[in-house]
Amino acid sequence: MVGDKFEETNAPKLFNGLSADEQVVLVNWVLTTLKPIKTFSSQRSSYEIKHIFERTPLGFYVLNGAMKGAMLIAGYQIKNEKEINWTFNISERSISRAYQLG
């Protein structure tokens, strides 16, 4: 069962369990708020990003896996997909701005 628990909350396919409207809002937020860079931000993870999103005016609760799925759809790269909380090629400045907007 560790694998089952992982799948329950951390699998990127959980993005598909969101409603169509939720999928649009989440991916749009990623595309308009976060900015890709060439290197990876090892300080920020999918788990932290999901919490930033949840605090935004249009935000809602999402599982870590759903955020991972949204980041993949938005075209972000993963540093190490074997980790539970993924890190992506995200600009630190865009994360800081996202905190301010939330």
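Colleague: Outline the overall build of the protein, listing residues and values.
Modeller: When helices and strands are counted, the protein shows five helices and zero strands. In sequence order, the secondary structure elements of the protein are arranged as α-α-α-α-α. For 102 residues, the compact-globule formula gives about 13 Å, and the C-alpha radius of gyration of the protein, at 13 Å, lands near that figure. With the C-alpha coordinates aligned to their principal axes, the bounding extent of the protein is approximately 40 × 30 × 20 Å. Across the 102 residues of the protein, 40% fall into the buried class. Looking at the protein as shown, the accessible area adds up to about 6,000 Å², and 56% of this sits on carbon and sulfur atoms. Side-chain charges of the protein comprise 12 positive and 10 negative groups, with the mean position of each set lying 9 Å from the other.

Colleague: So what's going on with the packing of aromatic side chains? Which residues, and what values?
Modeller: Tallied over the full model, the rule gives three aromatic pairs. Between Phe53 and Phe60, the ring centres sit 5.0 Å apart and the planes meet at 90 degrees, which makes this aromatic pair edge-to-face. Of the two residues examined, Phe53 and Phe60, each falls in the buried class. Residues Trp86 and Phe88 carry aromatic rings whose centres are separated by 6.2 Å and whose planes lie at 70 degrees to one another, so their mutual orientation is edge-to-face. Here Trp86 and Phe88 have matching classes, each one buried. Grouped by ring-pair contacts, the aromatic residues Trp29, Phe53 and Phe60 constitute a single cluster.

Colleague: Explain the nonpolar core to me, and be specific about the residues and the numbers.
Modeller: Counting 23 residues, the largest nonpolar core has Leu26, Trp29, Val30, Leu34, Ile49, Met67 and Met71 as its most contacted members. Going through the elements one at a time, α2 (20-33), α3 (46-54), α4 (64-73) and α5 (92-101) are the ones with two or more residues in this core. Beyond its immediate chain neighbours, meaning those up to four positions away, Met67 contacts Leu26, Trp29, Val30, Ser46, Ile49, Lys50, Phe53 and Val62.

Colleague: Got a sec to walk through the pattern of salt bridges? Specific residues and values, please.
Modeller: Charged atoms that come close allow side chains of opposite charge to pair. One pass over the structure, following the stated rule, counts three salt bridges. Among the ionic pairs, Arg44 bridges to Glu48, the shortest N-O distance being 2.5 Å. The two residues Arg44 and Glu48 agree in class, both being buried. Across the salt bridge formed by Arg44 and Glu92, the nearest N and O atoms sit 2.4 Å from each other. With a gap of 48 residues between them, Arg44 in the loop between α2 and α3 and Glu92 in helix α5 connect regions that are remote in the sequence. In this structure Arg44 comes out as buried when scored by relative accessible area, which is 15%. A network of salt bridges, in which partner residues are shared, links Arg44, Glu48 and Glu92.

Definitions and cut-offs
- The written sequence of each chain sets the order in which its residues are numbered from 1.
- In keeping with the predicted nature of the model, local features appear solely for residues at pLDDT of at least 70, side-chain atom pairs appear and are counted solely at 80 or more, and the whole-chain, interface and lining totals rest on all residues.
- Based on all heavy atoms of the structure, the side-chain values leave hydrogens and waters out of the count.
- Strands are runs of DSSP state E lasting at least 2 residues, helices are runs of H or I lasting at least 4, and numbering of each runs from the N terminus.
- Between the two quantities, the radius of gyration covers C-alpha atoms and the globule rule is 2.2 Å times the number of residues to the power 0.38.
- Buried, partly exposed and exposed residues are distinguished by accessible area as a fraction of the type maximum, computed with a 1.4 Å probe on protein chains only: under 20%, between the cut-offs, and over 50%, respectively.
- Accessibility throughout is a Shrake-Rupley quantity obtained with a 1.4 Å probe, and a residue counts as covered only by protein chains that appear here.
- Residues counted as positive are Lys and Arg, residues counted as negative are Asp and Glu, and His and the chain ends are not counted.
- Where a charge lies is defined by one atom per residue type: Lys uses NZ, Arg uses CZ, Asp uses CG and Glu uses CD.
- Side-chain rings of Phe, Tyr and Trp, where Trp is taken by its six-membered ring, are said to pair if the distance between their centres is within 6.5 Å; with planes under 30 degrees apart they count as stacked, over 60 as edge-to-face, and otherwise as tilted.
- Nonpolar cores were defined as sets of buried Ala, Val, Leu, Ile, Met, Phe, Trp, Tyr and Cys residues, with membership established by side-chain atoms within 4.5 Å.
- Throughout, a residue-residue contact means that at least one pair of heavy atoms, one from each residue, lies within 4.5 Å.
- The term salt bridge refers to a pairing of a side-chain nitrogen on Lys or Arg with a carboxyl oxygen on Asp or Glu at a separation within 4 Å.

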